[in-house]
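Chains, contacts and geometry: an overview
This is what each chain is made of:
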Amino acid sequence: MTAPNQNYAKLNDSYLFYNISKKVAAYNSAHPDKHLYRLGIGDVSLPLPEVVIKALHEAVDDQAEKQTFHGYMPECGAPFLRKAIAAHYNKRGIHIEENEVFVSSGASDELGDILDLFDKRNTALIMEPAYPAYVDANIMAGRKIIRLPSGIENGFLPEPPQNTQADIIYICSPNNPTGAVFDREKLQKWVDFANKNGSVIIFDAAYEAFIEDSALPRSIFEIEGARTCAIEICSLSKTAGFTGTRLGYTIIPKELKRHNMSFNDMWVRNRTTKTNGVSYIIQKGAAAVFTPEGEEQIKANIGVYKNNAKMIMNALDKVGIWYTGGKNSPYVWMKVPDNFDSWGFFDYLLNEAGIIGTPGAGFGGCGEGFFRFSAFGDPEDTKEAAKRLTGLVYSD
Ligand code: PLP
């Protein structure tokens, strides 16, 4: 009889968003006329920038004519898009070559697939609270997971642990769910740690476009030594509203080698075996993001989300609640008042103010006692939710 992958039996039920939707459905059926203020979603609410829509339309038309039609695309990405992405780094003084850029269908896909490059015996170090896919993808692969908790005491930015054999190290900066961002000095410590121990960092830069403080690194390749120890995974989902359109990119430097094997060469081999590339139409739409017009238009959209974050932060400032994130990130991570746990606070906000957020307990053990607000919602709803937040009572 076929033996299934037994590691799947070790996965915890992914109950976070399921539980939220069950609670929201129950609230809706009890209060059908009440409007809900959705600050829980990690999905964008603004449509694609005009410049992207135009490029998508043109690409569809290309597919209608024999002369401009495209069949299979190169597995690692269309040269025009690899070039545009490399230029996006080069412009900021970061040396990335076109053949170090791999176009993907999104960061989630890539975060799972990239694990093909690592031996099953490697350990995976995951800083918690964490985006749940890191843990689950490694459990599915049968890897040992080392959880590194973080908290208020280190600003949710933990330092490398001493005497720990961490082979694959996940860093998400700006972080989902905490919104915390590593500065150069703190990131340098991780790069030095990885180089010293022969570890590989998987740097999730899905929210890099939200960094407004120019002193903060938007790419791990701004850090000395990162080319010999890091892979960067990025996405246009939050940068340019591609959550439903799907496009991401991964950077693997030529210098990244272990046991004389090049991760860049291995990934070329992997992609040419396991994919037939990303759709021509979507890659054309993505290339428009990196034009001057595209950059201006995504900046305007990000500005709307930033303003939402500001409204949430102002409300928390007014009521004197501790939070991190928000400034260089679309997430605001607040400390739950002492008389609640994070699910209790979820219920309180929903029932008293019609506000939906995300309980921190869903992001790993040390997320308990915290709560995530997302700035991706509708601005009018966020404004009203912020007003309602200031009117609530937070202690007995
Ligand atoms: N990484 C982080 C930290 C995320 O929060 C998300 C999505 O919310 C992703 C990756 C996945 O992005 P994509 O839409 O490109 O799959």
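Residues numbered from 1 in each chain as written. Predicted model: local features only at pLDDT ≥ 70, side-chain atom pairs only at ≥ 80, totals over all residues. Heavy atoms only, no water.

**Overview of the domain arrangement of the protein**
- Each domain of the protein was delimited in the assignment, giving domain 1 (6–48 + 294–390) and domain 2 (52–291).
- Contact residues are listed per partner, giving 33 residues for domain 1 and 44 residues for domain 2.
- Where domain 1 abuts domain 2, roughly 3,200 Å² becomes buried across the two surfaces, and 64% of that area is made up of carbon and sulfur atoms.
- Taken together, the connections running from domain 1 to domain 2 amount to three salt bridges.
- The closest approach of N and O atoms between Glu212 and Lys327, which form a salt bridge, is 3.4 Å.
- Breaking the side of domain 1 that touches domain 2 down by element, the ones donating at least two residues are helix H10 (292–319), strand S11 (323–325), strand S12 (331–335) and strand S15 (370–374).
- Take the side of domain 1 that touches domain 2: its biggest share by element is six residues, from H10.
- When its residues are assigned to classes, the side of domain 1 that touches domain 2 shows 15 nonpolar, 11 polar and seven charged. (Domains from an automatic or database assignment. Contact = heavy atoms within 4.5 Å. Buried area = accessible area lost by both parts, 1.4 Å probe. Salt bridge = Lys/Arg side-chain N within 4 Å of Asp/Glu carboxyl O. Helix = DSSP H or I, 4+ residues; strand = E, 2+ residues; numbered from the N terminus. Nonpolar A, V, L, I, M, F, W, Y, C, P; charged D, E, K, R; others polar.)

**Description of the pattern of salt bridges**
- Per the stated rule, a full pass over the model turns up 20 salt bridges.
- Note that Lys335 and Asp338 form a salt bridge whose closest N and O atoms lie 3.2 Å from each other.
- A single salt-bridge network, built from bridges that share partners, covers Arg92, Arg184 and Glu222.

**Focus on the environment of Arg92**
- The topology assignment puts Arg92 in the loop between helix H3 (79–90) and strand S2 (101–104).
- Assessed through its relative accessible area of 29%, Arg92 is described here as partly exposed.
- Sequence separation between Arg92 and Glu222 is 130 residues; the distance between their C-alpha atoms is 9.0 Å.
- Setting aside its immediate chain neighbours within four residues, Arg92 contacts Glu208, Arg218 and Glu222. (Buried < 20%, exposed > 50% of the residue type's maximum accessible area, 1.4 Å probe, protein only.)

**With respect to the nonpolar core**
- Ile169, Trp190, Ile201, Phe242 and Phe373 are the most contacted members of the largest nonpolar core, which has 89 residues in total.
- A per-element tally of this core places helix H11 (residues 342–353) first, with seven residues.
- Each of domain 1 (6–48 + 294–390) and domain 2 (52–291) gives at least three residues to this core.
- Phe242 has contacts with Leu48, Val52, Leu236, Ser237, Leu247, Ile282, Gly285, Ala286 and Val289, leaving out every residue within four places of it along the chain.
- One finds Ile114, Leu117, Ala130 and Ile231 within the second-largest nonpolar core, a separate group that totals 27 residues. (Core = buried A, V, L, I, M, F, W, Y, C linked by side-chain atoms within 4.5 Å.)

**Let's talk about the site of the ligand**
- Residues in close proximity to the ligand total 15 residues, the closest being Ala107, Asp204, Tyr207, Ser235 and Ser237.
- For the ligand, an oxygen atom lies 2.7 Å from a polar atom in the backbone of Ala107.
- In this structure, an oxygen atom belonging to the ligand sits 2.8 Å away from a side-chain N or O atom of Lys238.
- Coverage of the ligand by the protein amounts to 92% of the 390 Å² it exposes when considered alone.
- Mapped onto the shell around the ligand, the elements with two or more residues apiece are helix H4 (107–113) and helix H7 (237–240).
- Of the residues forming the shell around the ligand, the biggest block, three residues, is contributed by H4.
- Partitioning the shell around the ligand into residue classes produces seven nonpolar, five polar and three charged. (Near = heavy atom within 4 Å. Polar contact = N/O pair within 3.5 Å; in protein donor to acceptor, adjacent residues only side chain to side chain. Areas by Shrake-Rupley, 256 points an atom, 1.4 Å probe, with all protein chains shown as cover.)

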